[in-house]
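Next come the chains, spelled out residue by residue.
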Amino acid sequence: MKFENANVLITGGASGIGKIMGRMALEKGAKCFIIWDINIAGIEQTRKELGKFGKVKGYKVDVSDMEIVELAYRKTVEDCGPVDILINCAGVITSNKTFDQQTQAEIVKTMNINTMAPMYVTRAMLPDMLARNSGHVCTIASAGGMLSNPKMSVYAASKWGVIGWSDSVRIELQEMKSNVHFTTIAPYYINTGMFNGVKSKVFPILEPEYVAKKVIRAIEKNKSFKGIPFGFHFIRFWQAILPTRVFDYFFGHVFGIYHAMDQFTGRQPANKE
């Protein structure tokens, strides 16, 4: 999928890798970078910063509310024209509490933003893409959706859910022989502030520019799935061949993944992206 002359809509596009990907899309000749975010100040700041690269439009949208999403989509199309590339990037993690300490509000918020919102946003836009037989939907999931991790059980559940949904729709489109493509991205921890305090023993915390570049390239190549770093593509292979205790020992303790969230603080005052 080419970014040149494309309308690119990114949820959570006012910060983090969403903002960086918006800049990269404009540098590649995108017609318009469309921001959907709940942070009005962030939208305006991003619009001012990236306006020199091309056209930037921003809308305050709560992507966890389907009615708001549908209204915002109609307004976006009216203002900007059809959306060619959608990147579901908005995400949240509320804490590093064990599951028995999670509140109903934390569970609902995490599932709504990380799992339901990409479905709502895509459901609003996919019919038009199918009618044009053109378009691309990319969803930023997480390596946490491939590897269970203590102290992030609800987050992991939300990302497992969105990976299953995204890949299922990809197969549906493939069976339709549609020219609309789906890409699922599963990155390790990214140094955007969302995972402040996370300590990684073996695998390095990823830099936002690096991840954004990989995502943009995956869209251009119509990749169906991309784990970042590449080694995370083999997680399920090792889960299949190793006994659970052995897998837990190596990934949890030798590699230190099961203790990565021990000192998590997140972005202050609100842990959102």
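Please refer to the structure higher up on the page.
Quantities reported herein were computed from a predicted structural model and do not represent experimental measurements. (Residues numbered from 1 in each chain as written. Predicted model: local features only at pLDDT ≥ 70, side-chain atom pairs only at ≥ 80, totals over all residues. Heavy atoms only, no water.)

**As for the overall build of the protein**
When helices and strands are tallied, the protein shows eight helices and seven strands. At 18 Å, the protein has a C-alpha radius of gyration in line with the 19 Å of a compact globule built from 273 residues. Structurally, the protein occupies a C-alpha span of about 55 × 45 × 35 Å along its principal axes. Per-residue burial for the protein yields a buried fraction of 50% across its 273 residues. (Helix = DSSP H or I, 4+ residues; strand = E, 2+ residues; numbered from the N terminus. Rg over C-alpha atoms; globule rule 2.2 N^0.38 Å. Buried < 20%, exposed > 50% of the residue type's maximum accessible area, 1.4 Å probe, protein only.)

**A short note on a nonpolar patch on the surface**
Taken together, the side chains of Phe230, Phe234, Phe237, Trp238 and Ile241 present a nonpolar region at the surface, about 530 Å² in accessible area. Position of Trp238 among the secondary structure elements: in helix α7 (residues 235-241). On the accessibility criterion, Trp238 (36% relative accessible area) is partly exposed. (Patch = residues over 30% accessible without salt bridge, like charges linked within 9 Å, V, L, I, M, F, W, Y side chains within 5 Å. Areas by Shrake-Rupley, 256 points an atom, 1.4 Å probe, with all protein chains shown as cover. Salt bridge = Lys/Arg side-chain N within 4 Å of Asp/Glu carboxyl O.)

**Focus on the sheet that holds strand β2 (residues 32-37)**
The seven strands are arranged β3-β2-β1-β4-β5-β6-β7 in an open sheet whose pairing can be described as parallel. With partners counted over all chains shown, the strands left at the sheet margins are β3 (55-60) and β7 (225-228), one partner each. The sheet shows a mean angle of 15° between the axes of neighbouring strands, taken without regard to direction. Inspection of the sheet shows β2 paired to β3 by six bridges, in the parallel sense. Note on β3: the bridge partner recorded for Ile35 is Gly58. In this fold helix α2 (residues 40-50) packs onto β2 and β3, with an angle of close to 180° to the strand it touches most, β3. This element, helix α5 (residues 153-176), spans β4 (85-88), β5 (135-140), β6 (180-187) and β7 of the sheet and lies at about 155° to β6. (Pairing = 2+ DSSP bridges. Axes fitted to C-alpha atoms, helices over the stretch in contact; angles between N-to-C directions. Contact = heavy atoms within 4.5 Å.)

**Observations concerning the packing of helix α1 (residues 16-27) against α2**
Contact geometry of α1 with α2 gives a least axis separation of 11 Å together with a crossing angle of 30°. Looking at the two axes, α1 sits roughly parallel to α2. In this structure, α1 meets α2 at a crossing whose hand is right-handed. On the side of α1, the interface is formed by Lys19, Gly22, Arg23 and Leu26, while α2 contributes Thr46, Glu49 and Leu50. Residues of the contact of α1 with α2, tallied by class, amount to two nonpolar, two polar and three charged. (Parallel < 35°, antiparallel > 145°, perpendicular 65-115°, else oblique. Left-handed = near helix turned anticlockwise from the far one by under 90°. Nonpolar A, V, L, I, M, F, W, Y, C, P; charged D, E, K, R; others polar.)

**Regarding the nonpolar core**
Val8, Met21, Trp36, Ile87, Met125, Ile140 and Phe195 are the most contacted members of the largest nonpolar core, which totals 84 residues. Counting residues per element, this core draws most heavily on helix α4 (residues 104-132), which supplies seven residues. Apart from residues no more than four positions distant in its own chain, Met21 is found in contact with Ile10, Ile87, Cys89, Ile140, Ala212, Val215 and Ile216. (Core = buried A, V, L, I, M, F, W, Y, C linked by side-chain atoms within 4.5 Å.)

**Some details on the packing of aromatic side chains**
Under the criterion given, the structure shown has 12 aromatic pairs. Ring centres of Phe230 and Phe234 lie 5.6 Å apart, and the angle between their planes is 75°; on these two criteria the pair is classed as edge-to-face. Residue Phe230 is classed as exposed on the basis of its relative accessible area of 55%. Seen in terms of ring centroids, Phe251 and Phe255 are 5.3 Å apart; in terms of plane orientation they differ by 80°. Their pairing is edge-to-face. (Phe/Tyr/Trp six-rings, centres within 6.5 Å; stacked < 30°, edge-to-face > 60°.)

**Thoughts on α2**
Within α2, burial applies to Gly42, Ile43, Thr46 and Leu50. In an axial view of α2, the angular spread of the buried residues amounts to 100°, which keeps them on one side of the axis. Those residues of α2 that are exposed and aimed more than 90 degrees away from the buried face are Ala41 and Lys48. Structurally, α2 contributes buried residues whose contacts are with α1, β2 and β3. With a side-chain oxygen positioned 3.2 Å from the backbone nitrogen of Ala41, the residue opening α2 is Asn39. (Arc of directions from axis to C-beta. Polar contact = N/O pair within 3.5 Å; in protein donor to acceptor, adjacent residues only side chain to side chain.)

The quantities given are spatial measurements derived from coordinates; they are silent on function.
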